[in-house]
Amino acid sequence: MIRFAFLFCLIPACLIAQPVSPMSKASTSPQLITRPKLVVGVVVDQMRYDYWYRYYNKYTDGGFKRLLREGFTCRDHHYHYALTVTAAGHASVYTGSQPAMHGIVGNEWYDQRSGRRVYCVEDSTVKAVGTTNAGAGSMSPKNLMVSTITDQLRIATNYQSKTIGIALKDRGAILPAGHTANGAYWFDSKTGNWITSSFYRTELPQWVSAYNSKKRPAELMKSGWQTLLPIEQYTESTADDQRYEYKLPGAQKSVFPYDLAGQSGDVFGIIASTPHGNTITKEIALEALTHENLGKGEATDFLAISFSTPDYVGHAFGPNSVEEEDIYLRLDRDLADLLTALDGWVGKGNYLFFLTADHGVMDVVDLWKDHHLPAGRLNIGAINTAIKAALTTAFGDGDYIRTSDNYQFYLNHDVLRAKKITVQDVCQVMRDVTRNTDGVANVVNLHELGTASLNDYQLTLYKNGTHAKRSGDIQLVIEPGWMAGSIAASHGGPYAYDTHIPLLFYGWGVKPGETFARTSVADTAPTLAALLKILEPNGSVGKVIGTLIK
Ligand SMILES: [Zn+2]
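In this text, all values refer to a predicted model and were calculated from it rather than measured experimentally. (Residues numbered from 1 in each chain as written. Predicted model: local features only at pLDDT ≥ 70, side-chain atom pairs only at ≥ 80, totals over all residues. Heavy atoms only, no water.)

Description of the overall build of the protein chain
Inference 1: Assigned secondary structure in the protein chain consists of 21 helices and 18 strands.
Inference 2: Over its C-alpha atoms the protein chain spans a radius of gyration of 25 Å, differing by no more than 12% from the 24 Å that the globule rule assigns to 550 residues.
Inference 3: The principal-axis extent of the C-alpha atoms belonging to the protein chain is close to 85 × 70 × 50 Å.
Inference 4: Across the 550 residues in the protein chain, those meeting the buried criterion constitute 59%.
Inference 5: The long-range fraction of contacts in the protein chain, counting pairs at least 24 apart against all pairs at least 6 apart in sequence, stands at 73%.
Inference 6: Side-chain charges of the protein chain comprise 51 positive and 54 negative groups, with the mean position of each set lying 6 Å from the other. (Helix = DSSP H or I, 4+ residues; strand = E, 2+ residues; numbered from the N terminus. Rg over C-alpha atoms; globule rule 2.2 N^0.38 Å. Buried < 20%, exposed > 50% of the residue type's maximum accessible area, 1.4 Å probe, protein only. Contact = heavy atoms within 4.5 Å. Lys, Arg positive; Asp, Glu negative; His and termini not counted. Charge placed at Lys NZ, Arg CZ, Asp CG, Glu CD.)

Here we look at the coordination of the zinc ion
Inference 1: In the first shell of the zinc ion, the protein supplies D311 (OD), D311 (OD), H315 (NE2) and H491 (NE2), at 2.1 to 2.5 Å from the metal.
Inference 2: The site at the zinc ion holds four donor atoms, and with the angles between them running 55 to 152°, its shape is irregular.
Inference 3: Binding-site remark: the zinc ion is held by donors from one chain whose sequence spacing is D-x3-H-x175-H. Taken as a pair, D311 in helix α13 (residues 309-317) and H491 in the loop between β16 (482-484) and α20 (496-499) lie far apart in primary sequence, 180 residues in all. (Donors = N, O, S within 2.8 Å, 3.2 Å for Na, K, Ca; no water. Tetrahedral: all angles 85-135°; square planar, octahedral: opposite > 155°, others 65-115°.)

Thoughts on the side chain of E283
Inference 1: With respect to the element layout, E283 can be found in helix α12 (residues 275-291).
Inference 2: Setting aside anything within four residues of it in sequence, one finds E283 in contact with Y211 and R216.

Thoughts on the domain arrangement of the protein chain
Interfaces are frequently sized by the accessible area removed from exposure as the parts join.
Inference 1: What the domain assignment reports for the protein chain is domain 1 (40-363 + 495-548) and domain 2 (376-480).
Inference 2: Each of domain 1 and domain 2 has a C-alpha centre, and these two points are 33 Å apart.
Inference 3: Listed by partner, the interface residues are 24 residues for domain 1 and 25 residues for domain 2.
Inference 4: It is Y110, Q112 and Y495 in domain 1 that bury the most area against domain 2; as a group they hold 31% of the surface buried on that side.
Inference 5: Here D405 and R117 are joined by a salt bridge, their closest N and O atoms 2.6 Å apart.
Inference 6: Across the contact surface, domain 1 and domain 2 share 13 residue pairs in polar contact (both at pLDDT 80 or more).
Inference 7: Going through the elements one at a time, α6 (99-102) and β3 (108-111) are the ones with two or more residues in the side of domain 1 that touches domain 2.
Inference 8: Considering each element in turn, the side of domain 1 that touches domain 2 owes the most residues, four residues, to α6. (Domains from an automatic or database assignment. Buried area = accessible area lost by both parts, 1.4 Å probe. Salt bridge = Lys/Arg side-chain N within 4 Å of Asp/Glu carboxyl O. Polar contact = N/O pair within 3.5 Å; in protein donor to acceptor, adjacent residues only side chain to side chain.)

Examining the packing of aromatic side chains
Inference 1: Following the criterion strictly, the structure yields 27 aromatic pairs and no others.
Inference 2: On the numbers, 5.3 Å between centres and 75° between planes, the contact of Y79 with Y81 is edge-to-face.
Inference 3: According to the relative accessible area criterion, Y79 is buried, its value standing at 1%.
Inference 4: Judged by relative accessible area, which is 0%, Y81 ranks as buried.
Inference 5: Geometrically, the ring pair formed by Y258 and F317 is tilted, given 6.2 Å between the ring centres and 55° between the ring planes. Here Y258, found in the loop between α11 (216-222) and α12, pairs with F317, found in helix α13; they are 59 residues apart in sequence, far enough to count as distant. (Phe/Tyr/Trp six-rings, centres within 6.5 Å; stacked < 30°, edge-to-face > 60°.)

Focus: unusual backbone geometry
Inference 1: Along the chain, F256 connects to P257 via a cis peptide bond; the corresponding omega equals -5°.
Inference 2: Its location among the elements puts P257 in the loop between α11 and α12.
Inference 3: A positive phi is found at N293, a non-glycine position, where the angle reads about 60°.
Inference 4: Within the fold, N293 resides in the loop between α12 and β9 (301-307).
Inference 5: Accessibility expressed as a relative area gives 42% for N293, which makes it partly exposed.

Quick notes on the sheet that holds strand β14 (residues 440-445)
Within a sheet, adjacent strands bond to each other through the backbone by hydrogen bonds, running parallel or antiparallel.
Inference 1: With antiparallel pairing, the four strands of this open sheet are ordered in space as β12-β13-β15-β14. Across the chains shown, the open sheet's two edge strands, defined by having one partner strand only, are β12 (401-405) and β14. Ignoring which end each strand starts from, the neighbouring axes of this sheet average 20° apart.
Inference 2: Pairing geometry for β12 and strand β13 (residues 408-411), over four bridges, is antiparallel. Pairing of S404 across the sheet is with F409, part of β13. (Pairing = 2+ DSSP bridges. Axes fitted to C-alpha atoms, helices over the stretch in contact; angles between N-to-C directions.)

Topic: α13
Inference 1: Among the nine residues in α13, eight count as buried, and that is most of the element.
Inference 2: Of all the positions in α13, only T309, P310, D311, V313, G314, H315, A316 and F317 are classed as buried.
Inference 3: In this fold, the buried residues of α13 make contact with β1 (38-44), α5 (86-95), α12, β9 and α14 (322-346).
Inference 4: Trailing α13 by a residue or two, G318 shows a phi angle of about 90°, which is positive.

Quick word on the sheet that holds strand β5 (residues 128-129)
Inference 1: Taken in spatial order, the ten strands line up as β5-β8-β7-β6-β9-β1-β10-β17-β2-β18 in an open sheet, and their pairing is mixed. Sheet topology places β5 and β18 (513-520) at the edges, where each strand pairs with a single neighbour.
Inference 2: Relative to strand β8 (residues 193-197), β5 runs antiparallel, the two sharing two bridges. Counterpart to V129 in the pairing with β8 is T196.
Inference 3: Relative to the sheet, α12 contacts β1, β6 (163-167), β7 (183-188), β8 and β9, its axis offset from that of β9 by approximately 170°.

Observations concerning the side chain of H78
Inference 1: Mapping H78 onto the fold places it in strand β2 (residues 72-78).
Inference 2: Take H78: its relative accessible area is 6%, and that puts it in the buried class.
Inference 3: Of the polar contacts made by the side chain of H78, one reaches the side chain of D76; its length is 2.9 Å.
Inference 4: Aside from chain neighbours lying at most four places away, what touches H78 is T499, H500, R518, T519, S520 and V521.

Here we look at the environment of N455
Inference 1: The residue N455 is located in the loop between β14 and α19 (456-465) in this model.
Inference 2: Judged by relative accessible area, which is 40%, N455 ranks as partly exposed.
Inference 3: Only 2.8 Å separates the side chain of N455 from the backbone nitrogen of Q458, close enough to count as a polar contact.

Here's the deal with the pairing of β3
Inference 1: Pairing of β3 with strand β4 (residues 116-119) involves four bridges; the strand directions are antiparallel. Each bridged residue has a counterpart across the sheet, and for E108 the counterpart in β4 is Y119.
Inference 2: Here β3 folds back onto β4 in antiparallel fashion, the turn holding four residues, of which G115 has a positive phi close to 70°.

Spelled out as structure tokens, the structure:
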């Protein structure tokens, strides 16, 4: 009956519509779908939201300021899962999904089946192209379990669109470019060359080889690293020399000016920790633009760029350093160059541009403590020792933990089965032994998150970040302001400094403005899909940010 009623409703509608010829003519006249010539996505690796404004007065008119003035900014944009790291971030931006579904739960994870650690973009079935450094090139997106917005664009245009990913970090180039990419290029720090893998092609395109032969990294390193402005003008940052700052290879102190001498075996690795890392990324992106003729064909092309350098610098010197400020002032100039080049190549208004980040970063623990703010460094070694001792006391001798990574413990399920112990039993022992440990907020069983003693907000972040096959069994929830390790600063937690990042859309189809409504990183890809009038990626869980669309 329901089916019959439905047909009955449809028939009169068809009959009524046919005689109204003027309206019918208008509604059926052939209208072409309009799309931008080119989409350019920029992920800044470790850009916290407040960097828009912290250095605002020193930005040029053509970079960050132009984007803020002419684009649409989401001012309360956050990650929607807890483990805020590079690979998970790039995957989530481009899939509109979350680690629980796309499977990129960290930069690496432990694989219970093979009993070994897996790197997010490793692929032993493919070979390096453009280098003799085999390990740097055995990479592909095969561990990503869903499609990307770049894939969906290729599918929607019957593979006529060209999609290319570029970043110093392999994962920053490969994950955004997706499974169907026309190319992905990353930096080999041993040879100083941009490379790819046999997943994409059997030899480097001529334009990549030509750029490599210019030996730009060696040339730029010779010029060292001086501050862009006189150093006394860096009033947004702490004094240059701080006890917690990392010393670049060859440097006696963490102070300007830096001579840049690489280390043997990894001669060009140092460039990633200097503004020259962003410069060579911009340069190779512009080579891709012109030599691949991006934005000049019938179908929309997509250039996905990730600037990895701010992450290296943030870790080494911390977000309050002169080095960090200098990186952002110079990235601003690089972005201005990029936008000017795009204006010239495809025309202002003909390209759709967006800028976001893969995660934020925590301020330096020591700096917070100096200012009486709550912060600390976890002694992971001591925590692991106490946990192992407590497990032995509770259950007898046994190798209960296979490994720990990303503040998660991967348990030895063979031992648990043999001793008839559950994950919950182990979790309870871990919770009891860390109850009075500073910096540990909680210990939760990732298989039983439904009953975990966590607040609703964090519970959602951990649920979104937990993949049934790839995540660990037990999660150490750290307290706000705490981190493991001795590096100046880090990220990877569920707190605002790690989750709150920029999202800006600019150009084709975008209405300038801003919103203070809470938006999620998962919204990025479906919003792009709406602008491009294509299907969103298959794991997408975000919503379209409709207010930014013209
Ligand atoms: Zn990082």
